[in-house]
Amino acid sequence: MLKSKTGMEDGFLSSVGAGDSTMLEPPTKITALVVDDDTINQMIHHRLLDNLGIRNQVVRNGKEAIDVHCSGKNFDLILMDMEMPVMNGIEATRQLRAMGIRSMIAGVSTNTRERENFMKAGLDDYQEKPLTTSKLVSILHKVHKDG
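Residues numbered from 1 in each chain as written. Predicted model: local features only at pLDDT ≥ 70, side-chain atom pairs only at ≥ 80, totals over all residues. Heavy atoms only, no water.

- Per an unreviewed UniProt entry, the protein is named Response regulatory domain-containing protein, and its organism is Castanea mollissima.

Have a look at this one:
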């Protein structure tokens, strides 16, 4: 059972596939942006990051991710869904890279047939949904090592 920052067992994370895992060395100063139009996925990804001590912000689509960066905010990690209204993850990733954004961008999607196009857009990593603590820790170790 995963322990939250308060030391309490977190049944919610267990129910979404989060088991015991090796945590990063606290405190980390990694920041993350969650880009997903589905409110349940937003909540899960936000909660997984929060429980690992990662400060994070949530937006609903690729255009909002672009807008946040245009406002001057930067993140170490961007968790990017592929299929979203307004601007999808492939286009948002292309635009972020064209803007010179060097954050680690990890695609998180159920659409495996478009994985290659998503990677070509500029992803650093790709994980199939559902995102779990072990998948997230794997991504964060790459951020920690590169950052």
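Don't stop here, the text continues.
Details of the pairing of strand E1 (residues 31–35)
Argument step 1. By the criterion of burial, E1 is predominantly enclosed, with 5 of the 5 residues buried.
Argument step 2. Judged by which residues are buried, E1 turns out to be covered on both faces: Thr31, Leu33 and Val35 on one side and Ala32 and Val34 on the other are all buried.
Argument step 3. Both E1 and strand E2 (residues 55–59) contribute to a ladder of 5 bridges, which runs parallel. Bridge pairing in E2 links Val35 to Val59.
Argument step 4. Note on the crossover from E1 through helix H2 (residues 39–51) to E2: the handedness is right-handed.
Argument step 5. Taken together, the 4 bridges between E1 and strand E3 (residues 77–80) define a ladder with parallel strand orientation. Note on E3: the bridge partner recorded for Leu33 is Ile78. (Buried < 20%, exposed > 50% of the residue type's maximum accessible area, 1.4 Å probe, protein only. Helix = DSSP H or I, 4+ residues; strand = E, 2+ residues; numbered from the N terminus. Pairing = 2+ DSSP bridges. Right-handed = clockwise from strand over helix to strand, strands pointing away.)

Details of helix H4 (residues 89–98)
Argument step 1. For H4, the full list of buried residues reads Gly89, Ile90, Ala92, Thr93, Leu96 and Arg97. Buried residues of H4, seen end-on, are gathered within an arc of 165° and therefore sit on one face of the element.
Argument step 2. Those residues of H4 that are buried are in contact with helix H3 (62–70), E3, strand E4 (104–109) and helix H5 (115–120).
Argument step 3. N-capping of H4 is provided by Asn88, with a side-chain oxygen placed 3.0 Å from the backbone N of Ile90. (Arc of directions from axis to C-beta. Contact = heavy atoms within 4.5 Å. Polar contact = N/O pair within 3.5 Å; in protein donor to acceptor, adjacent residues only side chain to side chain.)

Comments concerning the sheet that holds E2
Argument step 1. Spatial ordering of the open sheet is given by E2-E1-E3-E4-E5, a layout of 5 strands whose pairing is parallel. Where the open sheet ends on each side, the last strands, each with one partner, are E2 and strand E5 (125–128). Mean inter-strand twist for the sheet, computed between neighbouring axes without regard to direction, equals 20°.
Argument step 2. Seen against the sheet, H2 touches E1, E2, E3 and E4 and runs at an angle of roughly 170° to E2. (Axes fitted to C-alpha atoms, helices over the stretch in contact; angles between N-to-C directions.)

As for the pattern of salt bridges
Argument step 1. Counting across every chain of the model gives 8 salt bridges.
Argument step 2. The partner of Lys129 in a salt bridge is Asp81, and the shortest N-O contact between them spans 3.1 Å. Highlighted residues: Lys129 in the loop between E5 and helix H6 (133–146) and Asp81 in the loop between E3 and H4, separated in sequence by 48 residues. Across this residue pair, the class does not change: Lys129 and Asp81 are buried.
Argument step 3. As a salt-bridge pair, Lys120 and Glu116 come within 3.2 Å of each other at their nearest N and O atoms. With a gap of 4 residues between them, Lys120 and Glu116 both fall in helix H5, about one helical turn apart.
Argument step 4. For Lys120, a relative accessible area of 63% gives the class exposed.
Argument step 5. A cluster of three or more residues bridged by salt bridges with shared partners is formed by Asp36, Asp81 and Lys129. (Salt bridge = Lys/Arg side-chain N within 4 Å of Asp/Glu carboxyl O.)

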